[in-house]
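Examining the three-dimensional arrangement
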Amino acid sequence: MTRRLVIGLYLLVLALPIYWLINMSFKDNVEITSALTFWPHRPTVEHYVHIFTDPAWYGGFLNSLSYVFLNTVISVTIALPAAYAFSRYRFLGDKHLFFWLLSNLMAPPAVYAMPFFNLYSAVGLFDTVWAVALAHCLFNVPLAVWILEGFMSGVPREIDETAALDGYSFPRFFVRIFVPLIANGIGVAAFFCFMFSWVEQLLATTLTTVDAKPFVAVMTRTYSAAGMDWGLLAAAGVLTMIPGAVVIWFVRNNIAKGFALGRV
Amino acid sequence: MNDKPISNRAWFLVAPVLVFVLFSSLIPMMTVVNYSVQDSMGQNSFFWNGSEWFQHLFDPTTDIGGRFSRALVRNLIFSSVVLLIEIPLGILVALCIPKRGWAVGAVLVSMTLPMLIPWNVVGTIWQIFARADIGLLGAALTGVGIPFNDTQDPLSAWSTIVVMDVWHWTSMVALLCYAGLKAIPDAYYQAARIDGAGRWSVFVNIELPKLRRVLIIAVLLRFMESFMIYTEPSVVTGGGPGEATSFLSLDLVKIALGQVDLGNAAAMSLVYNLITLTLCWIFFTTMTQLDARKSA
């Protein structure tokens, strides 16, 4: 009973700020600024209509989704063979390499903001979704390697050996047998890449100006000389929660194991 | 762990990762190193400046040195406070997550939701929530007579940011602990029941030792994350009032992108990065030692 109470209370506290945002997104600005109301007395969807009809707004949403998608695909694809190498073999400098990869995970994005700006301008990728997708590889690739390595180490090595005896070539074994075995791990790694690319803002906004502007950068349009457009800001905020809520549903059974990096 | 075959051909499998991460970490890092030892007269003309930027940085009497040391202290205090709250709270929540049934999935999914909100939207949510005029929290606190203003009063600003971080990340600690708890075989609990162990001794003697591994991951991930925090406080307080909540990242971005003071920013970046690197090394060695002990 106490357990239910604690968890209920915890979830309630988590929900409160989100409830307030959703509540606000359905009010008009007069109602927001004039009185505190616990539900919209004059419910309106004008803010949502505004976002879905203005190309700058929904374009930003598509930009965000496309760099997140690109980043997730790149990160997981290149992390798969590397994680296999780390989980199955010892090789020259393996520990140092692994540590160096992890150190990138721990590097403050603020440190990279300025040099990334120079780098991606120099290679002509500045203000494209590719710049953001590649920049996010800095922390998502090491993360994917780490998670996948944890999951792969849980697969007994005998399977690799049996497959080799059965005459499977390495690529065929890897794609046909091994990848399906760690499908959960791949799902979780993709989920984490999605998550960290979706929530990261400092690099995404530094590397884009006009064409590839992410959704959250468009949100700054709600601050203007005429004052804040609170309703619009709240509606945009609510919309940013939806992709996360959707993807999390797919990995719900493996989230806990994923957070433990497949190492439980 | 140690019976893995040795094969240097494994390098071929690692090569793609190496190329990608080298491109996005080594090249930018070299740019930073470059800036940190040069000064600029503008117009892209640079000249050698030796270690002067670093001397300034480590000398608290200079403007930049003072800013750096104050930001570092603030950051360390922030990380400790956040850890002291989130770790025990996370364990408590993990112990209360239902064991079976449809509720498990529902609880896990709703717990994870705050972590999937873009960081500056998290900032926005709390900026709105804490406002005394239109926010529920701010209005409630002012309503019961507690003076609260997160843009004027340092204490209010600090508590808003700490509460925000707890709201944002406690679930991660809880999920890690939940994964650890699930790995405890039922037989342990049965044995404890036969011995007549109470709830507290079950926790201390069975659950806590089994949680040690995930707790190390949790503590260090939370430490790193809170040590690098940028977006949320930058939205909620912008580092203010004054410089009360201006942490290392915020200060660095102000210097690098705001004042375009490249030399100082680069020196600060390197030292900042070196600190996180050292902490990361401690993390990594602890982890691998635990791995080794487990397989031994």
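All residue numbers refer to positions counted from 1 along the written sequence of the respective chain. Chain letters start at A and ligand numbers start at 1, both assigned in the order the entries are written. Local features in a predicted model are, by the rule used here, given only for residues with pLDDT of at least 70; side-chain atom pairs are given and counted only at 80 or more, and totals for whole chains, interfaces and linings are based on all residues.

1. Focus on the overall build of chain A
Runs of E in the DSSP output that reach at least two residues are strands. Runs of H or I that reach at least four are helices, and both are numbered from the N terminus. Secondary structure summary: chain A contains 14 helices and two strands in total. Three classes are used. A residue is buried when 20 or more other C-beta atoms lie within 10 Å of its own, exposed when 12 or fewer do, and partly exposed in between, with C-beta atoms placed from the backbone. Taking all 264 residues of chain A together, the buried fraction comes to 48%. In this description, any two residues whose backbone-derived C-beta atoms lie within 7 Å of each other are considered to be in contact. Intrachain contacts of chain A at a sequence separation of at least 6 include 81% that bridge at least 24 residues.

2. Here we look at the overall build of chain B
When helices and strands are tallied, chain B shows 12 helices and two strands. Along chain B, helices and strands appear, N-terminal first, in the series α-β-β-α-α-α-α-α-α-α-α-α-α-α. Across its three principal directions, the C-alpha atoms of chain B cover 75 × 70 × 35 Å. Counting only residues that meet the buried cut, chain B has 41% of its 296 residues in that class.

3. Observations concerning the interface of chain A and chain B
On the chain B side, the residues contacting the 75 residues of chain A number 76 residues. Looking at which element gives the most residues to the side of chain A that touches chain B, the answer is helix α1 (residues 2-25) of chain A, with 11 residues. Side-chain classes are defined by residue name, with Ala, Val, Leu, Ile, Met, Phe, Trp, Tyr, Cys and Pro counting as nonpolar, Asp, Glu, Lys and Arg as charged, and the others, Gly among them, as polar. Class assignment for the residues of the side of chain A that touches chain B results in 62 nonpolar, eight polar and five charged.

4. Section: the domain arrangement of chain A
Residue and element names in this part refer to chain A. Each domain of chain A was delimited in the assignment, giving domain 1 (1-44) and domain 2 (54-259). Residue ranges labeled as domains rest on an automatic or database domain assignment. Inter-centroid distance (C-alpha atoms) of domain 1 to domain 2 is 31 Å. Counting residues at the interface gives eight residues for domain 1 and seven residues for domain 2. Put simply, the parts of the chain that give the side of domain 1 that touches domain 2 at least two residues each are α1 and α2 (29-34). No other element matches α1, which puts four residues into the side of domain 1 that touches domain 2. Partitioning the side of domain 1 that touches domain 2 into residue classes produces four nonpolar, two polar and two charged.

5. Considerations on helix α5 (residues 119-130) of chain B
Residues and elements named next belong to chain B. Here the expected span of a helix is defined as 1.5 Å times the quantity of residues minus one. Compared with the 16 Å implied by 1.5 Å per residue over 12 residues, the 16 Å span of α5 between its first and last C-alpha is a close match. Of all 12 residues that make up α5, 12 are buried, and the element is covered over most of its length. Taken together, the buried positions of α5 are Trp119, Asn120, Val121, Val122, Gly123, Thr124, Ile125, Trp126, Gln127, Ile128, Phe129 and Ala130.

6. Section: the confidence of the model for chain B
Averaged over every residue, the pLDDT of chain B is 83; the share at 70 or more is 96%. Interface scoring of the predicted complex returns ipTM 0.84; its pTM is 0.85. What pLDDT expresses is the predictor's confidence in each residue, scored from 0 to 100.

7. Notes on the packing of α1 of chain A against α5 of chain B
Interaxial angle, 0 to 180 degrees, is taken between N-to-C directions of lines fitted to C-alpha atoms, where a helix line uses only the stretch in contact. At their nearest, the axes of α1 of chain A and α5 of chain B sit 10 Å apart, and the two run at 85° to each other. As far as their axial angle goes, α5 of chain B and α1 of chain A are roughly perpendicular. Contact residues: α1 of chain A offers Pro17, Trp20, Leu21 and Met24 of chain A, while α5 of chain B offers Ile125, Trp126, Ile128 and Phe129 of chain B. Among the residues forming the contact of α1 of chain A with α5 of chain B, the class breakdown is eight nonpolar, no polar and no charged. Roughly parallel means an angle under 35 degrees; roughly antiparallel means over 145; roughly perpendicular covers 65 to 115; every other angle is labelled oblique.

8. Points about the nonpolar core
Only buried residues count toward a nonpolar core: Ala, Val, Leu, Ile, Met, Phe, Trp, Tyr and Cys, linked into one set through C-beta atoms within 7 Å. Core analysis: the largest hydrophobic core is formed by 162 residues, its most contacted members being Ala79, Val145 and Ala189 of chain A. In terms of residues, this core owes the most to one element, helix α7 (residues 129-153) of chain A, which gives 18 residues. Viewed by domain, this core spans two of them, domain 1 (1-44) and domain 2 (54-259) of chain A, each represented by three or more residues. In contact with Val145 of chain A, other than residues within four places in its own chain, are Ala79, Ala82, Ala83, Phe86 and Leu101 of chain A together with Val17 of chain B.

9. Observations regarding the packing of α1 of chain A against helix α13 (residues 230-250) of chain A
Residues and elements named next belong to chain A. One can describe the packing of α1 onto α13 by two numbers: an axis separation of 8 Å at closest approach and a directional angle of 125°. Taken together, the axes of α1 and α13 lie oblique to each other. Relative to α13, α1 is oriented so that their crossing is left-handed. For the pair formed by α1 and α13, the contact residues are Leu21, Ile22, Met24 and Ser25 on the first element and Trp230, Gly231, Ala234, Ala235, Gly237 and Val238 on the second. Along the lines of polarity and charge, the residues of the contact of α1 with α13 split into seven nonpolar, three polar and no charged. Handedness of each helix crossing follows the sense of rotation of the near helix against the far helix: counterclockwise by less than a right angle gives left-handed, clockwise gives right-handed.

10. Side note on unusual backbone geometry
Even without being a glycine, Asp127 of chain A presents a positive backbone phi close to 65°. The class for Asp127 of chain A is partly exposed, based on 17 C-beta atoms found within 10 Å.

11. Quick notes on helix α4 (residues 102-112) of chain B
Every buried residue of α4 of chain B is accounted for by Val107, Leu108, Met111 and Thr112 of chain B. Looking straight down α4 of chain B, one finds its buried side chains confined to an arc of 125°; they lie on one side. As used here, the arc belongs to the directions running from the helix axis to the C-beta atoms.

12. Section: the environment of Trp100 of chain A
Residues and elements named next belong to chain A. Inspection of the secondary structure puts Trp100 in helix α5 (residues 94-105). The class of Trp100 is partly exposed, set by 18 C-beta atoms lying within 10 Å. For the pair Trp100 and Pro142, spaced 42 residues apart in sequence, the C-alpha separation works out to 9.1 Å.

13. Quick word on the environment of Thr220 of chain A
Residues and elements named next belong to chain A. Tracing the sequence through the fold places Thr220 in the loop between α12 (215-218) and β1 (223-224). Residue classification places Thr220 among the exposed positions, given that 12 C-beta atoms sit within 10 Å. For the pair Thr220 and Phe52, spaced 168 residues apart in the sequence, the C-alpha separation amounts to 17 Å.

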